Amino acid sequence: MKVVITARDFSIGRDFGTRLLREAGLEVVDYSQIREVGAGTEEAEIYEMLRDADCAITGPEPCPASLLARCGRLRLISRRGIGYDAIDLDACQRLGITVCRALGTVEGAVAEHVMAYLLYFARRVDLQNQTMQAGRWTRLRMEGAKSRTLGLVGFGGIGREIARRAVPFGMDVVYYNRHPNKAWEREYGVRYLDLDKLLAVSDYVSVNVPLTEQTRGMFGREAFARMKRGSIFINIARSPIMEVEALREALCSGHLGGAAVDVFPHEPCEDSPLLGCPNTILTPHTAPYTTETFEEMNRRAAQNVVDFLQGRLEERYVVR
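Thresholds applied
Per-chain numbering applies: the sequence of each chain, read as written, is numbered from 1 onward. Owing to the predicted nature of the model, reporting of local features is limited to residues with pLDDT of at least 70; listing and counting of side-chain atom pairs is limited to 80 or more, with chain, interface and lining totals taken over all residues. To get the side-chain values, take all heavy atoms of the structure and skip hydrogens and water. Strands here mean DSSP runs of E at least two residues long; helices mean DSSP runs of H or I at least four residues long; both are numbered from the N terminus. When a residue's accessible area, from a 1.4 Å probe over protein chains only, is under 20% of the maximum for its type it is buried; when over 50% it is exposed; and in between it is partly exposed. Contacts: residue pairs with any heavy atoms within 4.5 Å of one another. The criterion for an aromatic pair is that two Phe, Tyr or Trp rings (for Trp, the six-membered ring) have centres within 6.5 Å, with stacked assigned to planes under 30 degrees apart, edge-to-face to planes over 60 apart and tilted to the rest. Each ring is checked for a lysine NZ or an arginine CZ that lies within 6 Å of its centre and within 35 degrees of its normal; such an atom marks a charge sitting over the ring. At least two bridges found by DSSP between two strands is the condition for calling them paired. For helices, the fitted axis covers only the stretch in contact; all axes are lines through C-alpha atoms, and the angles between them, taken along N-to-C directions, range from 0 to 180 degrees. Here roughly perpendicular refers to angles of 65 to 115 degrees, roughly parallel to angles under 35, roughly antiparallel to angles over 145, and oblique to all remaining angles. Helix crossings are classified by the rotation of the near helix relative to the far one: an anticlockwise turn of less than a right angle makes the crossing left-handed, while a clockwise turn makes it right-handed.

A. Structural detail: the overall build of the protein chain. Regarding its fold elements, the protein chain presents 12 helices and 12 strands. Dimensions of the protein chain, computed from the C-alpha atoms along their principal axes, are close to 60 × 50 × 35 Å. Buried positions account for 50% of the 320 residues belonging to the protein chain. A separation threshold of at least 6 residues defines the contact pool for the protein chain, and within that pool the share at least 24 residues apart is 61%.

B. Representation of the packing of aromatic side chains. Enumeration according to the criterion identifies 11 aromatic pairs in this entry. Consider the rings of Tyr120 and Phe121, whose centres lie 5.1 Å apart with planes at 90°: the pair is edge-to-face. What makes Tyr120 partly exposed here is its relative accessible area of 27%. The class of Phe121 is buried, set by a relative accessible area of 12%. Here the aromatic cluster, defined as three or more aromatic residues joined through ring pairs, consists of Phe155, Tyr175, Tyr176, Trp184, Tyr188 and Tyr192. Above the face of the Tyr47 ring, Arg70 is positioned so that its terminal group lies 4.0 Å from the ring centre.

C. Summary view of the pairing of strand E1 (residues 2-5). Because side chains alternate across E1, one face comprises the buried residues Lys2 and Val4, and the other comprises Val3 and Ile5, equally buried. Bridge analysis of E1 against strand E2 (residues 27-30) gives four bridges, and the strand direction is parallel. Residue Ile5 lies in a different strand from E2, and its bridge partner there is Asp30. Looking at chain direction, E1 and strand E3 (residues 55-58) are connected through three bridges and run parallel. Bridging across to E3, Ile5 finds its partner in Ile57.

D. Local environment of the packing of helix H5 (residues 107-123) against helix H7 (residues 157-166). Running from amino to carboxyl end, H5 crosses H7 at an angle of 55°, the nearest separation of the two axes being 8 Å. On the basis of their axis angle, the class for H5 and H7 is oblique. With respect to the hand of their crossing, H5 and H7 are arranged in right-handed fashion. Where H5 approaches H7, its residues Glu107, Gly108, Val110, Ala111, Glu112, Val114 and Met115 are matched on the opposing element by Gly157, Ile158, Glu161, Ile162, Arg165 and Ala166.

Just geometry here; none of it tells us what the structure is for.
Take a look at the structure:
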């Protein structure tokens, strides 16, 4: 059985994933060592890598129906990560290709990244350091995080991990989810609000929903206008969930107090319309990018391949 790896940085750290696959007796071709594959990689290039693969370990690179139909041997796509919007699931079902993901491996690191954004705006240690380094004693009184309202749009694994970290900071955490659960209020210390109310009262809004037809363009001019004046918008989910030009307008007009964005329409992205926007942090899709997280994602993605081939893949990792 041939396993082709296109997920970038697959051999990072202690390389648990590749070793696990080889110890299972599988033929491994690791393109992550020689190519930079991502969301903007052309279909023709991906096909050349996957054309004779039995199993593939992929990252955010697109796997449309036109590609999958030509990969006649492909039986499994093991997503190194938890999002799967780049994969045509309907085509996979028609073609008998199983799709699984590394559930439970990235949520903590992404939540940590959101908290880093939040604390940046709450305390602006960077500005305080700049003045000190310039030989000036300028004390900046900041708003802080305590008692501020954090609105979580989406309350899946990532939203819950953010709540676990924000509540101990003394923040008032509210959430919006299509299927609210009263038990979450006791377990995570959060409150449910409908989306309009959440946007109106939140000092920070973090978007943590998957990209679907329902969430595509969810944050445009109308949604940004409903947000509290001076509030901060955070997107670590997927770029198409927001309208980039609308976010730029809301920032440049002063209606929003800032934004932090980790996801872009094409990656690598060096020409975002958000470049130069006031009070805006841009990071190159690094929310899950810690050594420990990548080691665990790689190990889980590889283990899913081995378990699938041995007929014991756990249902919770399978995408339906």
